[in-house]
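# Residue-level structural notes
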Number of protein chains: 2
Amino acid sequence: MEGMRPGCTGQGTVSCSICHILTRTEWSALPAPALRTLSDAIVRREFGAGESVYAMGESNRGIHCISGGMVGIRKLDEHGNSVLLGLAYPGDTLGYRSFLCDEDHKTSAEALGPTVICFIDAATISRLLQLHPELGRRFFRRATHDVEKAHDALIKNATLCNRARFIHVLLLLIKHHGEIDDDGARRIDLPLSRRDLASMIGTRHETLSRIIGRLESEGLAEFSGRHVHVPRIDALMRDLDQRLPQ
Amino acid sequence: MEGMRPGCTGQGTVSCSICHILTRTEWSALPAPALRTLSDAIVRREFGAGESVYAMGESNRGIHCISGGMVGIRKLDEHGNSVLLGLAYPGDTLGYRSFLCDEDHKTSAEALGPTVICFIDAATISRLLQLHPELGRRFFRRATHDVEKAHDALIKNATLCNRARFIHVLLLLIKHHGEIDDDGARRIDLPLSRRDLASMIGTRHETLSRIIGRLESEGLAEFSGRHVHVPRIDALMRDLDQRLPQ
DNA sequence: ATCGAAAATTGACAATCGTCAACTGGAGAA
DNA sequence: TTCTCCAGTTGACGATTGTCAATTTTCGAT
């Protein structure tokens, strides 16, 4: 199977019942015996940065569950433009919508660094869903949450300028990847290229370069390649309040 | 009950099994006896233009199903900006997500003209869902479809300029409300204010005024208040192809 | 270490956009 | 009717953006 690595532990060697991110996943709706069924069925796969987990248009053979690392959810429009719709982290389930609707993948998922993903095949999920209707309700909740996330993004696009949208993305990334210095400053190594960052806020990469330049000249952040240093994160947040429209 | 009109036929007088828009709704998953249960339970309500069907933050007591007319789905951000997220037409179900997740309404729904809406109370839905699991699957499909619609809107926002986004909205409205003249030209009475149209494409109403002005000076459309005349609709669509980025 | 391709930055310029302001026009109330 | 209010339009202006182009930097492969 593509993506399988020599170090992959393969089937049945991971226990979902002791998975530390279980409480974040939809599977936590299952009782212990069902979790054993799940553990026996999952296939653990490791991905390197840039590797595709699945691609738009592919048929969907099961559900992916992120155990470690980070995944970018991408979509291409009819003209080949790539837009990064969102980021997924350990505990997030991928491909559940198209799987449960028996449709092809509507987005692409791509590892943004060393990533470990558990794959659960169609037959196992069908069995679990039939025995435990609560699992289906959890996935419905998840879909609802995804709608709300997309609506929030639409509202940000409609009401904020590019600069504010970028700061929002930056704060989100800091929340997930940032480290705190002794003086309270934050440091990150961005997991995304400038182009992907630009596509997330809906602008061109040249424009993003200029926004970054302005943030640097104002002392709000220092960028060096993918490394970012934010001396005072509250200054960034206050900048958002003062820059509501454009 | 607020919104009830003298002309409202009230409970049990509408048969869902003969509702002409039934094939479009999730309820078509139900067999005939369940449809009778549904018919007996629904409450038909009529709304005038601008009347609220439900508001953001209200508790959710059931599902609304549009029988006739048109509804705008609106959301307010934390600063009071109103954004029109989408339009709903006969056959569309409203408020199903927050209802099935047992949460408050996350959006507002507002009649954009004389509108007839059937309301199904919580107890009836719960009973139907329990007896007919397929109904739940239909709602899941609907949620998935809503995610994809929001993602498509995000991609349009990220890759198209305001002018192209407005033309997309205009074509959508023509599809639903347009009439065809003898010479093939289209006519519409827009169901939305300029401000709402602007919020849909994520810009200011002054900017929309200028975009409309340019479309008029190029002969692509004539605007007179809310009435629009599009002499050649294919010219509008061709304009989209030539104006991909900005 | 070197090379080459892709990513990223920067400049210049035209086009677009947001803001503020003034003005027009129509709908509803007194 | 007249008045007021609000949606809509238009103008002016500065700021931002997209595009094209040139250049620099980065990163992986050889």
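Residues numbered from 1 in each chain as written. Chains lettered and ligands numbered in written order. Predicted model: local features only at pLDDT ≥ 70, side-chain atom pairs only at ≥ 80, totals over all residues. Heavy atoms only, no water.

Attention now moves to the layout of surface pockets. Here the largest pocket defines a volume of roughly 1,400 Å³. Leu85(B), Gly86(B), Leu87(B), Lys149(B) and Ala150(B) are, among the 50 residues lining the largest pocket, the residues nearest its centre. Elements supplying a minimum of two residues to the lining of the largest pocket: helix 4 (133–159) of chain A together with strand 6 (82–88), strand 7 (93–94), helix 2 (96–100), helix 4 (133–159), helix 5 (162–177) and helix 6 (194–201) of chain B. When residues of the lining of the largest pocket are assigned to their parent elements, the largest contribution, twelve residues, is made by helix 4 of chain B. Of the residues contributing to the lining of the largest pocket, the split by class is 19 nonpolar, 15 polar and 16 charged. Looking at the second largest pocket, its volume works out to about 1,200 Å³. (1 Å grid on protein atoms, 1.4 Å probe; cavity = no way out; pocket = protein on both sides within 12 Å on 5 of 7 lines; lining within 4 Å. Points joined across faces, edges and corners; volume = space filled by probe spheres on them. Helix = DSSP H or I, 4+ residues; strand = E, 2+ residues; numbered from the N terminus. Nonpolar A, V, L, I, M, F, W, Y, C, P; charged D, E, K, R; others polar.)

Moving on: the confidence of the model for chain A. Taken residue by residue, chain A gives an average pLDDT of 89. The fraction at 70 or more is 90%. Low pLDDT, under 50, characterises residues 1–12 of chain A; the predicted model gives this stretch 28 contacts beyond four residues in sequence or across chains. (pLDDT = per-residue confidence, 0-100. Contact = heavy atoms within 4.5 Å.)

All names here are of chain A. With respect to the secondary-structure elements, arginine 142 resides in helix 4. Take arginine 142: its relative accessible area is 14%, and that puts it in the buried class. If sequence neighbours within four positions are ignored, arginine 142 has contacts with Glu26, Asp92, Thr93 and Tyr96. (Buried < 20%, exposed > 50% of the residue type's maximum accessible area, 1.4 Å probe, protein only.)

Below, the discussion takes up the interface of chain B and chain A. Facing 35 residues of chain B, the contacting portion of chain A comprises 35 residues. Across the chain B to chain A interface the summed buried area is about 3,300 Å²; carbon plus sulfur atoms make up 72%. Contact with chain A buries area across many residues of chain B, yet Phe140(B), Leu154(B) and Ile155(B) alone supply 18% of it, more than any other trio. Counting across the interface, chain B meets chain A through two salt bridges. Asp152(A) is paired through a salt bridge with Lys75(B); the nearest N and O atoms lie 3.6 Å apart. (Buried area = accessible area lost by both parts, 1.4 Å probe. Salt bridge = Lys/Arg side-chain N within 4 Å of Asp/Glu carboxyl O.)

Our next topic: the pairing of strand 8 (residues 108–111) of chain A. Here strand 3 (residues 52–54) of chain A runs beside strand 8 of chain A; their pairing, made up of two bridges, is antiparallel. Note on strand 8 of chain A: the bridge partner recorded for Tyr54(A) is Ala109(A). (Pairing = 2+ DSSP bridges.)

Before going further, it helps to examine the packing of helix 1 (residues 32–41) of chain A against helix 3 (residues 122–131) of chain A. All names here are of chain A. Helix 3 packs onto helix 1 with a crossing angle of 175 degrees between their chain directions and a minimal axis gap of 10 Å. If you check the angle between helix 1 and helix 3, you find them roughly antiparallel. Together, Ala34, Thr37, Leu38 and Ala41 of helix 1 and Thr124, Arg127 and Leu128 of helix 3 make up the contact between the two elements. Residues of the contact of helix 1 with helix 3, tallied by class, amount to four nonpolar, two polar and one charged. (Axes fitted to C-alpha atoms, helices over the stretch in contact; angles between N-to-C directions. Parallel < 35°, antiparallel > 145°, perpendicular 65-115°, else oblique.)

Right, let's get into unusual backbone geometry. Residues and elements named next belong to chain A. For aspartate 102, which is not glycine, the phi dihedral falls at a positive 55 degrees. Summarising the element assignment, aspartate 102 is placed in the loop between helix 2 (96–100) and strand 8. Aspartate 102 sits in the exposed class, given a relative accessible area of 68%.

On to the relation of the copies chain B and chain A. Mapping chain B onto chain A calls for a rotation angle of 180 degrees and an axial translation of 0.0 Å; the resulting RMSD is 0.1 Å. The transformation relating the two chain copies, once decomposed into turn and shift, fits a two-fold axis. Looking at the rotation axis and the C-alpha trace of chain B, the residue lying nearest is Val147(B), at 2.4 Å. Mapped onto chain A, 100% of the interface residues of chain B are again interface residues, and the two copies thus contact each other with one and the same surface. (Least-squares fit on C-alpha atoms with pLDDT ≥ 70 in both.)

All names here are of chain A. With antiparallel pairing, the four strands of this open sheet are ordered in space as 10-11-13-12. Lying at the two open borders of the sheet, with one neighbouring strand each, are strand 10 (179–180) and strand 12 (222–224). Strand direction decides the pairing type here: strand 11 (residues 186–189) and strand 13 (residues 227–230), joined by four bridges, are antiparallel. Counterpart to arginine 186 in the pairing with strand 13 is valine 230.

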